[in-house]
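Now for the letters of each chain:
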Amino acid sequence: VRISKEQDHILIIPRGLSFSEASASNLVKLNIVGEVVDQGATNLRVDPSGFSPHAAIYSTRPDVRCVIHIHTPATAAVSSMKCGILPISQEALLLGDVAYYNYQGSLDEQQERIQLQKVLGPSAKVLVLRNHGVMALGETVEEAFNYIFCAQHACEIQVHALAGAGGINNLLLLDLEKYKPLTFALAAGGGGGVNMEGQYKWKVGELEFESLMRMLDNLGYRTGYAYRQPLTREKPRHKSDVEIPATVTAFSFEDDQMMSRSPLKYLAQKQQREKTRWLNSPNTYLRVHVPEESMNGEMSPRTKIMWMKAEEFNKNSSGNPIKIEDPNQFVPLNTNPTDVLQKRNKIREQNRYDLTTAGPQSQVLAGIVVEKPPPMTHFEEDENAPPPPPNPFSQFIQEDKGENGTRDAEHDLISEDDSSVLLTQSPPPTPVTAAGIYCAPWWR
């Protein structure tokens, strides 16, 4: 990666460090001639033969800021084919004009560097080093990665296609020049070929690179990549959508286009507008303490709070003027508008489907199982059943019945004479009036 065009400072990974170990601190900073400017955090050195093709490209292409060189099995296999990268897939067409160079492992001589620069040309973004893999160039890291990503896929497709078809003659080759305006030229505009009107114009590979970075971050890798634009956008608001507390309004009529307009709903709509009209107006309102009226029409010492317009305000009353300037004025501070909107919509749904409840239900006893007593069993007597065995306690039951019968007879004899009743039973206290006249108790 070239980090300074003026001084031609280049960052490169040192020899002996795997790609999984690479970080910003252990990269080595060199100048264009290969001299070390900053060693980094390691004692490892840079391979001169590996740096020589990068230096040759940076010296002749000022537009290039990043060069990626890979020699995976697929790219190394295609670089060893005489046909090169065949236009048999969309990924191959997205590469545009591909340059080829017979690389021998080193560019020590000046003549070899000049030959590579001539082959590369002023516009090629992909360079195939014969028998040594593929190099991708870009103005940004994202663009270079996009071309090397497509080159890797194109090489994999070609290796599998040749293995399955049995030769180039059995493959269907596409016309590169014919499809270039629809593939390479379109993708070179950025945004994956679908760069639409908006605040930010996506450059080549940026859209795809951000998706890969999101994938890594979602998997738990802390990439530290600074996203240029958030993935999701805010929902556009209607001009009549006012941020007010969820308890002020319960129905939405402007947004509910799918609901039929009945006369009853129109009346409710009108009443609701009257309730919230003062919230949406630029008038000045006063908080007034008005005395309450009692049931008999007299004025009560208790007062109630009312909001009145400034012109309707009585000078004898006391109140504080409040100017309604912000439609969100009656929402608590630091309230998320999305939460207010969701709460309001929830209350609207409850009123629409008549789901209003008495309040939150207690969940304390939700996990307790209450055992209900078994129902009482009623036995029906069977007439044909044999007689039951004799009860050994029948003698005591008969004696008990005899005593109860004697007591009842005595009670009946006493009850026949009123005087006897008065003697045997203690009468209740006799009420006496002011004149001393005897009043019979209510039970007489």
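Just above, that's the structure.
Keep in mind that what you see is a predicted model, and the values were worked out from it rather than measured.

Parameters at a glance
Chains are numbered independently. Their residues run from 1 in the order of the written sequence. Local features in this predicted model are restricted to residues whose pLDDT is 70 or higher, and side-chain atom pairs enter the listing and the counts only when it is 80 or higher, whereas totals over whole chains, interfaces and linings include all residues. Heavy atoms from the whole structure form the basis of all side-chain values; hydrogens and water molecules are not counted. Pairing between strands is defined by DSSP: at least two bridges between the two strands are required. In this description a helix means any DSSP run of H or I spanning at least four residues, a strand means any run of E spanning at least two, and both kinds are numbered starting from the N terminus. In this description, a line fitted to the C-alpha atoms serves as the axis of each element, helices being fitted only across the stretch in contact, and the angle between N-to-C directions of two axes falls anywhere from 0 to 180 degrees. When checking whether two residues touch, look at their non-hydrogen atoms; a contact exists if any pair is within 4.5 Å. What makes a nonpolar core is a set of buried Ala, Val, Leu, Ile, Met, Phe, Trp, Tyr and Cys residues whose side-chain atoms join them at distances within 4.5 Å. Remark: exposure states derive from per-residue accessible area (1.4 Å probe, protein chains only) relative to the maximum for the residue type, with buried under 20%, exposed over 50%, and partly exposed in between. Site definitions follow a grid-based scheme: protein atoms alone, a 1 Å grid, a 1.4 Å probe that fits but cannot get out for cavities, and for pockets an open set with protein on both sides within 12 Å along at least five of seven lines, plus lining residues having an atom within 4 Å of a point. Grid points are joined across faces, edges and corners, and a volume is the space filled by probe spheres set on the points. Residue polarity follows a fixed list, in which Ala, Val, Leu, Ile, Met, Phe, Trp, Tyr, Cys and Pro are nonpolar, Asp, Glu, Lys and Arg are charged, and the others, Gly among them, are polar. We call Phe, Tyr and Trp rings a pair once their centres come within 6.5 Å, taking the six-membered ring for Trp, and we label the pair stacked below 30 degrees between planes, edge-to-face above 60, and tilted otherwise.

J.: Looking at this structure, I do not really get the sheet that holds strand β7 (residues 126-129). What am I missing?
T.: Pairing between the strands of a sheet is mediated by backbone hydrogen bonds and can be parallel or antiparallel. A sheet is described by the order of its strands in space; here four strands give the open sequence β5-β8-β7-β6, paired in mixed fashion. Each edge of the sheet is formed by a strand with only one pairing partner; in this case those strands are β5 (66-70) and β6 (98-101). Averaged over neighbouring strand pairs, the angle between their axes works out to 20° when direction is ignored. Of the strands in this sheet, β5, β7 and β8 (134-138) are in contact with helix α5 (residues 141-165), which crosses β8 at around 150°.

J.: So what exactly am I meant to see when it comes to the nonpolar core here?
T.: In a soluble, globular protein the nonpolar side chains are often hidden away together inside. Counting 23 residues, the largest nonpolar core has F51, I57, V67, Y101, L116 and L127 as its most contacted members. Listing elements by their share of this core, those giving two or more residues are β2 (9-12), β3 (28-30), α1 (48-60), β6, α4 (110-120), β7 and β8. The element that contributes the greatest number of residues to this core is α1, accounting for five residues. Setting aside its immediate chain neighbours within four residues, Y101 contacts L107, E112, Q115, L116, V119, L127, V128, L129 and R130. Formed by 20 residues, the second largest nonpolar core is a distinct cluster that contains V78, L94, L95 and V134.

J.: Explanation requested: the side chain of R2 in the structure shown.
T.: Note on placement: R2 falls in strand β1 (residues 2-4). On the basis of relative accessibility, which here comes to 4%, the residue R2 falls in the buried class. Ignoring any residue separated from it by four or fewer positions in sequence, one finds R2 in contact with D8, H9, I10, Y58, R61, P62, V64 and R65.

J.: Please explain the layout of surface pockets as it appears in this structure.
T.: If you roll a probe as big as a water molecule over the atoms, it shows you where there is empty space left. Looking at the largest pocket, its volume works out to about 1800 Å³. Residue lining of the largest pocket: 41 residues in total, with I13, F19, A22, L27 and I68 positioned closest to the centre. Those elements that provide at least two residues to the lining of the largest pocket are β2, α1, β5, α5 and α8 (206-218). No other element matches the six residues that α1 contributes to the lining of the largest pocket. Looking at the lining of the largest pocket, its residues break down into 28 nonpolar, 10 polar and three charged.

J.: Please explain the packing of aromatic side chains as it appears in this structure.
T.: By convention here, two paired aromatic rings are described through the distance between centres and the angle between planes. Tallied over the full model, the rule gives five aromatic pairs. A ring pair is formed by Y147 and F184, whose centres lie 6.5 Å apart and whose planes are at 40°; its orientation type is tilted. Of this pair, Y147 sits in helix α5 while F184 is found in helix α7 (residues 184-187), placing the two residues 37 residues apart along the sequence. Its relative accessible area of 4% is what places Y147 among the buried residues. Among the aromatic residues, those joined into a ring-pair cluster are F145, F149, F209, Y225 and Y227.

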